[in-house]
Amino acid sequence: MTAREHRGTTTVSARAVRRIAGRAVTEALPGRAARTTGASATVRGGRAEIAVDVALPYPAPLTPAVRRVQDHVTARTGELTGLDVRTARVGVTALDPDRTAPPEAPPRETAPGGRVPRRWWAERRLPLGVLTLLATLTCGALAADLILVHTGHRPAAAWRTGTLHWLYAHGPGERPVTLAALGCALLGVWLIVLAVTPGRRGLLTAHAPAPATHVAVDRGAVAALLRDTAAATEGVDTVAVRVRRRRVTVRAALAFGDRAAAREQITDAAARALAGCGLRRPPRLRVAVRPLPVWTPPPAGTAPAPAVLAAPAGGS
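What counts, and where the lines are drawn
- Residues numbered from 1 in each chain as written.
- Predicted model: local features only at pLDDT ≥ 70, side-chain atom pairs only at ≥ 80, totals over all residues.
- Heavy atoms only, no water.
- Helix = DSSP H or I, 4+ residues; strand = E, 2+ residues; numbered from the N terminus.
- Buried < 20%, exposed > 50% of the residue type's maximum accessible area, 1.4 Å probe, protein only.
- Contact = heavy atoms within 4.5 Å.
- Pairing = 2+ DSSP bridges.
- 1 Å grid on protein atoms, 1.4 Å probe; cavity = no way out; pocket = protein on both sides within 12 Å on 5 of 7 lines; lining within 4 Å.
- Points joined across faces, edges and corners; volume = space filled by probe spheres on them.
- Nonpolar A, V, L, I, M, F, W, Y, C, P; charged D, E, K, R; others polar.
- Axes fitted to C-alpha atoms, helices over the stretch in contact; angles between N-to-C directions.
- Polar contact = N/O pair within 3.5 Å; in protein donor to acceptor, adjacent residues only side chain to side chain.
- Patch = residues over 30% accessible without salt bridge, like charges linked within 9 Å, V, L, I, M, F, W, Y side chains within 5 Å.
- Areas by Shrake-Rupley, 256 points an atom, 1.4 Å probe, with all protein chains shown as cover.
- Salt bridge = Lys/Arg side-chain N within 4 Å of Asp/Glu carboxyl O.
- Left-handed = near helix turned anticlockwise from the far one by under 90°.
- Expected span 1.5 Å × (residues − 1).
- Core = buried A, V, L, I, M, F, W, Y, C linked by side-chain atoms within 4.5 Å.

A.B. asks: Just give me the short version of the overall build of the chain, but keep the residues and values in it.
C.D. replies: Of regular secondary structure, the chain possesses seven helices and nine strands. Scored against the burial criterion, the 316 residues of the chain give a buried share of 30%. A separation of at least 24 residues holds for 65% of the contacts in the chain among residues at least 6 apart in sequence.

See the structure below:
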């Protein structure tokens, strides 16, 4: 038997875990095309954390599909890497029309015990990382200087004594002190705003099929879905969609056909598409249809208006 100190060590890189998770997404929905639009992975020892962005087929129940992708990616990645994989985070960034699959009824209620959040909270990794780095460097430098002074009998560092002397010589009424206090106050207000606001305004939460599962849909995906739905109406030339947290506005330009009938068709189709997304708080739908301007030729025998040329300034 090989001695313990001579045994090899197997290390699975985060890049390999990310690629395996991306490939597992394509295996999650048998017979339906799901693809990866982005993936990230973090490996710490024998544990791994995975987050994948996916494009799911449409029409299909969104929350069961996300749940299947989440379970399959977690299990498949753990099986192939041998790591302890936490439940993968899945974000839906696009919906691909699937004309061959029959539509399924979307779920109407949240699973028992599941609580759907109103907003998708951001992790604030960048502000938290910057704040932690600054605090670590400041506290570490101060602690190191104090240890050297008390144990190594060295004089205090010049930066510490200089700072204390500067603070002793300058009062609170001076401009540098006032500006520094104002900067600290603004930084504190910014941190408070980050702490009490959810962020991630581009995501809309949806009903979850199981407890402890959060599902969100990107606003761009909802806008693309409604744009394609409205464009399929006969006579519609162009469509503009704006998705907000509580309101969706669809503006269509009608090339031909009845305006009222086209508006009714677009409203019904868009309402069904929004219901299929399974959003926790379905936004109010507003549809506006305007006819395209029709060009009419001038009457026969009418002379065209003469062109007026403006003389350049200063010319003779």
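What follows continues from the structure just given.
A.B. asks: Let's hear about unusual backbone geometry: which residues, and what values?
C.D. replies: Despite not being glycine, His 153 has its phi angle at roughly 55°, a positive value. Counting through the fold element by element, His 153 comes out in the loop between α3 (125-151) and α4 (158-169).

A.B. asks: Would you mind going over the pairing of strand β1 (residues 35-44) in detail, with residue names and values included?
C.D. replies: By the bridge criterion, nine bridges tie β1 to strand β2 (residues 47-58) in an arrangement that is antiparallel. Among the inter-strand pairings, Val 43 is bridged to a residue of β2, identified as Ala 48. Here β1 folds back onto β2, and the loop between the two strands holds two residues, one of which, Gly 45, carries a positive phi near 65°.

A.B. asks: Give a detailed account of the layout of surface pockets, specifying residues and quantitative values.
C.D. replies: Looking at the largest pocket, its volume works out to about 850 Å³. Of all the elements in the fold, those that place two or more residues in the lining of the largest pocket are β1, β2, α2 (62-81), β4 (89-97) and β6 (215-218). Looking at side-chain class alone, the lining of the largest pocket contains 15 nonpolar, eight polar and ten charged residues.

A.B. asks: Can you lay out the sheet that holds strand β7 (residues 236-243) for me, pointing to particular residues and giving the numbers?
C.D. replies: If you walk across this open sheet you meet the three strands as β7-β8-β9, and the pairing is mixed. At either margin of the open sheet sits one strand with a lone partner, and together these are β7 and β9 (284-291). Taken pair by pair, the neighbouring strands of this sheet meet at an average axis angle of 15°, ignoring direction. Inspection of the sheet shows strand β8 (residues 247-254) paired to β9 by eight bridges, in the parallel sense. Residue pairing across strands places Arg 251 opposite Ala 288, the latter belonging to β9. The strands touched by helix α6 (residues 219-231) are β7 and β8; relative to β7, the strand with the most contacts, the crossing angle is about 155°.

A.B. asks: Could you give an account of the environment of Thr 267, with specific residues and numbers?
C.D. replies: With respect to the helices, strands and loops of the structure, Thr 267 is situated in helix α7 (residues 259-277). Judged by its relative accessible area of 26%, Thr 267 is partly exposed. Sequence separation between Thr 267 and Val 287 is 20 residues; the distance between their C-alpha atoms is 6.3 Å. Discounting chain neighbours no more than four positions away, the residues touching Thr 267 are Leu 285 and Val 287. A polar contact is formed between the side chain of Thr 267 and the backbone oxygen of Arg 263, at a distance of 2.7 Å.

A.B. asks: Help me get a handle on a nonpolar patch on the surface, residues and values and all.
C.D. replies: Together, Leu 126, Val 130 and Leu 134 line one region of the surface with nonpolar side chains, adding up to about 310 Å² of accessible area. Relative to the elements of secondary structure, Val 130 occurs in helix α3. Classification of Val 130 as partly exposed rests on a relative accessible area of 42%.

A.B. asks: I'd like a description of the pairing of β2, backed by residues and values.
C.D. replies: Examined bridge by bridge, β2 and strand β3 (residues 84-85) share two bridges and lie parallel to one another. Bridged to Ala 48 within β3 is Val 85. In this sheet, β4 lies alongside β2 in parallel orientation, the contact comprising eight bridges. When the sheet's bridge partners are listed, Tyr 58 is paired in β4 with Pro 97.

A.B. asks: Which residues make up the packing of α6 against α7, and what values go with them?
C.D. replies: The N-to-C vectors of α6 and α7 enclose an angle of 150°; their axes lie 9 Å apart at closest approach. Along this stretch, α6 crosses α7, giving a crossing that reads as right-handed. Taking contact as the criterion, the partners of Val 222, Leu 225, Leu 226, Thr 229 and Ala 230 in α6 are, on α7, Ile 266, Ala 269, Ala 270, Ala 273, Leu 274 and Cys 277. Of the residues in the contact of α6 with α7, the class split is ten nonpolar, one polar and no charged.

A.B. asks: Can you explain α2? Please cite residues and give values.
C.D. replies: The end-to-end C-alpha distance of α2 is 28 Å, a good match for the 28 Å that 20 residues give at a rise of 1.5 Å each. Within α2, the full set of buried residues consists of Leu 62, Thr 63, Ala 65, Val 66, Val 69, Gln 70, Val 73, Thr 74, Thr 77, Gly 78 and Thr 81. Taken from the residues just after α2, Gly 82 is the one with a positive phi, measuring 75°.

A.B. asks: Go over the environment of Gln 265, please, and point to the residues and values.
C.D. replies: For Gln 265, the position within the fold is in helix α7. Its relative accessible area of 44% is what places Gln 265 among the partly exposed residues. Expressed as a C-alpha distance, the spacing of Gln 265 and Thr 233, which sit 32 residues apart in the sequence, is 7.1 Å.

A.B. asks: An account of the nonpolar core is requested, with residue identities and associated values reported.
C.D. replies: The biggest cluster of nonpolar side chains holds 51 residues, and the ones touching the most others in it are Leu 56 and Val 69. In contact with Leu 56, other than residues within four places in its own chain, are Leu 29, Ala 33, Ala 34, Leu 62, Ala 65, Val 66, Val 69, Val 92, Ala 94, Leu 95 and Asp 96.

A.B. asks: With reference to specific residues and values, describe empty space enclosed by the protein.
C.D. replies: Under the defined criterion, the tally for this structure stands at two cavities of 30 Å³ or more. Estimates place the volume of the second largest cavity at around 70 Å³. Taken together, Leu 56, Pro 57, Tyr 58, Ala 60, Pro 61, Leu 62, Ala 65, Leu 95, Gly 276 and Cys 277 form the lining of the second largest cavity. Listing elements by their share of the lining of the second largest cavity, those giving two or more residues are β2, α2 and α7. Counting residues per element, the lining of the second largest cavity draws most heavily on β2, at three residues.

Coordinates in, geometry out; function isn't part of it.
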